[in-house]
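Okay, here's what each chain looks like letter by letter:
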Amino acid sequence: MMKILAIARKELLITLKDTQALAFILLMPIVLIFALGISLNSMFEGSSAEVSKFEVGVIKEDDGEAATAVMDFLDSDDAKEYFDVVTGTYDELKDKLKGEEIVLFLQIPKGYSEAVKQGEKAELKIFQEDEDDINNTVFSSVIKGYADTNNNVNAAIAAADDQLAAYSIPGEAVMEQLQEVLDSEVDYTGTEYLTDNKKNISAIQYYSAAMAAMYILFVGMIGTQSIIEERENNTLMRLLTTKASKMHIVLGKFLGLFLIGLLDLAIIILFSRFAFGVRWGDSIGGLVLLSTTLSFAASGMALMIATMFKSSKAVNTLNPVIIMVMGFIGGNMIPVYEMNVNFQKVGNLLLNTWGMRGYLNLMINNGVQSILLPSGVLFGMGVLFLIIGIPRLRLQ
């Protein structure tokens, strides 16, 4: 038992020292919760996060498709609930900033759209006087989240191009087909698909649950990468010289990953509660039970996936694509009840769908009984993943 705890402790400490990984699994979901809560608020009847309205400036130096999409996002009715946009030159907006007529201004540089299209790093520059101002922080987080999402999607398309080239299927064509499904007229189900009672859920609530359920998959991805990298550099084999058995090593890795997952969920839940006012329901016991089984299932899936890849290069390329597809089908990006009924049925096979469904039931105070089924399904998934993964996991 002590060997398992020692390996788990080592795994936990390594992750906590990895600032890049922590920023990704903690900061990104928080940014996306706010950004998606604003941009897709019209799909929900509930209230959204309360932020004082303010004014921002924009310098638009690019006329391409991606730059136009940024402007459309900033000019949307939902965004206008939080800020108004004025356009102008650098000098004009600099004067307005100094005169406190605007709180900041954004520059969309020339070549931005082309950089996005090519999957290259495309940056939106923000000019501000007071970086600690809450309005500046909110707007900067939203814009950075929006830009990062655009960059990640186009990078995924580029990765898909490489992986699907053998089948003569371009990544952009896949994305176009998904968009056609979303834009088509299909049969929809009501919000009762997600919750046991038809009660209102606000956008900020929905995406708090959705991002918690989706980013636990990225926590698992970090664990998968760690196992494969340590297998490549023979770290796992060296652990055997400490008289630790294969089972000790596997269970220690699993326990460490499980604890990291619980920590990630706890921070997302607490931050969204106190920063955005998201109510996660009155059942603390329900939250603990659901989060425990969700982290258990995600950790088990990470071990199983580690048996499917031979190199860290392969897992680094394909794992994010797998998670993005799971997030899309599972309703973590677009509300499940706005999606094709066939996607909803496939979503029932995914742990992120069950995790999100459980959190939403707790949010509308359906009680612990409403998450017994999701928790049971998640626990069963975790056990199945471990049964498949542990015997097949190689240490060298």
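Only a predicted model underlies this, so the values are computations on that prediction, with no experimental measurement involved. (Residues numbered from 1 in each chain as written. Predicted model: local features only at pLDDT ≥ 70, side-chain atom pairs only at ≥ 80, totals over all residues. Heavy atoms only, no water.)

**Student:** Looking at this structure, how should I read the overall build of the chain?
**Tutor:** Along the backbone of the chain there are 16 helices and four strands. Here the chain holds 396 residues, and the buried ones make up 50% of them. Residue pairs at least 24 apart in sequence account for 80% of intrachain contacts in the chain once pairs closer than 6 positions are excluded. (Helix = DSSP H or I, 4+ residues; strand = E, 2+ residues; numbered from the N terminus. Buried < 20%, exposed > 50% of the residue type's maximum accessible area, 1.4 Å probe, protein only. Contact = heavy atoms within 4.5 Å.)

**Student:** What is the right way to look at a nonpolar patch on the surface in this model?
**Tutor:** Together, Leu-13, Leu-16, Leu-263, Ile-267 and Phe-271 make up a nonpolar patch on the protein surface, roughly 370 Å² of accessible area in all. Put simply, the parts of the chain that give the nonpolar patch at least two residues each are helix H1 (2–17) and helix H11 (246–276). By residue number, the principal contributor to the nonpolar patch is H11, which donates three residues. Inspection of the secondary structure assignment puts Leu-13 in helix H1. (Patch = residues over 30% accessible without salt bridge, like charges linked within 9 Å, V, L, I, M, F, W, Y side chains within 5 Å. Areas by Shrake-Rupley, 256 points an atom, 1.4 Å probe, with all protein chains shown as cover. Salt bridge = Lys/Arg side-chain N within 4 Å of Asp/Glu carboxyl O.)

**Student:** It is not clear to me how the confidence of the model for the chain should be interpreted in this structure. Could you clarify?
**Tutor:** Parts of the model with low pLDDT should not have their predicted coordinates read in detail. When pLDDT is averaged across the chain, the result is 77; 76% of the residues are at 70 or more. The secondary structure element of the chain with the lowest average pLDDT is helix H8 (residues 171–183), at 46, and the one with the highest is helix H12 (residues 284–306), at 92. When the criterion is pLDDT under 50, residues 177–199 qualifies, and its contacts beyond four places in sequence or with other chains add up to 43 contacts. (pLDDT = per-residue confidence, 0-100.)

**Student:** I keep staring at the sheet that holds strand E2 (residues 83–87) and nothing clicks. Help me out?
**Tutor:** Within the open sheet, the four strands sit side by side as E2-E1-E3-E4. Their pairing is mixed. Every interior strand has two partners, whereas the edge strands, E2 and strand E4 (125–128), have only one. Going from strand to strand, the sheet's axes swing by 25° on average, the running direction of each strand aside. Where strand E1 (residues 54–60) and E2 come together, five bridges link them in parallel fashion. Bridge pairing in E2 links Glu-55 to Asp-84. In the packing of helix H5 (residues 90–98) onto the sheet, contacts are made with E1, E2, strand E3 (104–108) and E4, and the angle to E3 comes to roughly 160°. (Pairing = 2+ DSSP bridges. Axes fitted to C-alpha atoms, helices over the stretch in contact; angles between N-to-C directions.)

**Student:** What should I look at first to understand unusual backbone geometry in this one?
**Tutor:** For residues besides glycine, phi is generally negative; the peptide bonds are generally trans as well. Its identity is not glycine, yet Glu-100 carries a phi of approximately 60°, on the positive side. Its location among the elements puts Glu-100 in the loop between H5 and E3.

**Student:** I would appreciate a short explanation of the packing of aromatic side chains in the present structure.
**Tutor:** Any two aromatic rings considered together are summarised by their centre-to-centre distance and by the angle between their planes. Taken as a whole and assessed by the stated rule, the structure comprises 11 aromatic pairs. On the basis of an interplanar angle of 80° and a centroid distance of 5.5 Å, the ring pair of Tyr-90 and Phe-127 is categorised as edge-to-face. A residue pair is termed long-range when its members are at least 10 positions apart, and Tyr-90 in helix H5 and Phe-127 in strand E4 qualify at 37 residues. Judged by its relative accessible area of 15%, Phe-127 is buried. Ring centres 5.3 Å apart and planes at 85° place the aromatic pair Trp-280 and Tyr-359 in the edge-to-face group. With a gap of 79 residues between them, Trp-280 in the loop between H11 and H12 and Tyr-359 in helix H15 (residues 351–363) connect regions that are remote in the sequence. (Phe/Tyr/Trp six-rings, centres within 6.5 Å; stacked < 30°, edge-to-face > 60°.)

**Student:** Which parts of the structure should I look at to understand the packing of helix H9 (residues 203–232) against H12?
**Tutor:** It is the contact of H9 with H12, at a shortest axis distance of 8 Å, that shows an interaxial angle of 35°. The chirality of how H9 crosses H12 is right-handed. Contact with H9, carried on its side by Ala-213, Ile-216, Leu-217, Gly-220, Thr-224, Ile-227, Ile-228 and Arg-231, involves Leu-294, Ser-295, Ala-298, Met-301, Ala-302, Leu-303, Ile-305 and Ala-306 of H12 and no other residues of that element. Classifying every residue of the contact of H9 with H12 gives 12 nonpolar, three polar and one charged. (Left-handed = near helix turned anticlockwise from the far one by under 90°. Nonpolar A, V, L, I, M, F, W, Y, C, P; charged D, E, K, R; others polar.)

**Student:** Please explain the pairing of E1 as it appears in this structure.
**Tutor:** Looking along a regular strand, one sees the side chains alternate between the two faces of the sheet. By the criterion of burial, E1 is predominantly enclosed, with five of the seven residues buried. Inspection of the sheet shows E1 paired to E3 by five bridges, in the parallel sense. Across the sheet, the residue bridging to Val-58 is Leu-106, located in E3.

**Student:** What exactly am I supposed to notice about the side chain of Ser-113 here?
**Tutor:** Looking at where Ser-113 falls in the secondary structure, it is placed in helix H6 (residues 112–117). Within the local environment of Ser-113, its side chain forms a polar contact with the side chain of Asp-62, the two groups lying 2.6 Å apart. Here Ala-67 takes part through its backbone nitrogen, which lies 3.0 Å from a polar atom of the side chain of Ser-113. Sequence-distant contacts of Ser-113, that is, excluding residues within four places in its chain, are made with Asp-62, Gly-64, Glu-65, Ala-66 and Ala-67. (Polar contact = N/O pair within 3.5 Å; in protein donor to acceptor, adjacent residues only side chain to side chain.)

**Student:** For this particular structure, what's the right way to read the pattern of salt bridges?
**Tutor:** Charged atoms that come close allow side chains of opposite charge to pair. Taken as a whole and assessed by the stated rule, the structure comprises three salt bridges. One salt bridge connects Lys-96 with Glu-101, and the closest N-O pair in it is separated by 3.4 Å. Measuring nitrogen to oxygen at the nearest pair gives 3.5 Å for the salt bridge that ties Asp-282 to Arg-279. Since its relative accessible area comes to 57%, Asp-282 is described here as exposed. Since its relative accessible area comes to 45%, Arg-279 is described here as partly exposed.

**Student:** How should H1 be read in this particular structure?
**Tutor:** Side chains of residues three or four places apart in an α-helix project in the same direction, reflecting 3.6 residues per turn. Given a rise of 1.5 Å per residue, 16 residues ought to cover 22 Å, and the 23 Å separating the end C-alpha atoms of H1 matches this to within 8%. Burial in H1 covers these residues: Ile-4, Ile-7, Ala-8, Glu-11 and Thr-15. Taken around the axis of H1, the buried residues stretch over an arc of 100°, which confines them to a single face. Residues of H1 that are exposed and angled more than 90 degrees away from the buried face: Met-2, Arg-9 and Lys-17. (Expected span 1.5 Å × (residues − 1). Arc of directions from axis to C-beta.)

**Student:** Would you mind going over H15 with me for this structure?
**Tutor:** End to end, H15 covers 19 Å across 13 residues, agreeing with the expected 18 Å (1.5 Å per residue, within 8%). Of all 13 residues in H15, 13 are buried; the element is thus mostly enclosed. Of the residues flanking the end of H15, it is Asn-365, one or two places downstream, whose phi is positive at about 60°.

**Student:** I tried to follow the nonpolar core on my own but got confused; where do I start?
**Tutor:** Nonpolar side chains tend to gather and get buried jointly when the protein is soluble and globular. The biggest cluster of nonpolar side chains holds 101 residues, and the ones touching the most others in it are Leu-74, Leu-106, Ile-108, Tyr-112, Phe-139, Leu-351 and Tyr-359. With 18 residues, the top contributor of residues to this core is H9. Ignoring sequence-local partners within four residues, the contact set of Tyr-359 consists of Ala-209, Ala-212, Leu-265, Ile-269, Trp-280, Leu-287, Leu-290, Ser-291 and Leu-294. Ranked by size, the runner-up nonpolar core spans six residues in total, among them Ile-59, Leu-97, Phe-105 and Phe-127. (Core = buried A, V, L, I, M, F, W, Y, C linked by side-chain atoms within 4.5 Å.)

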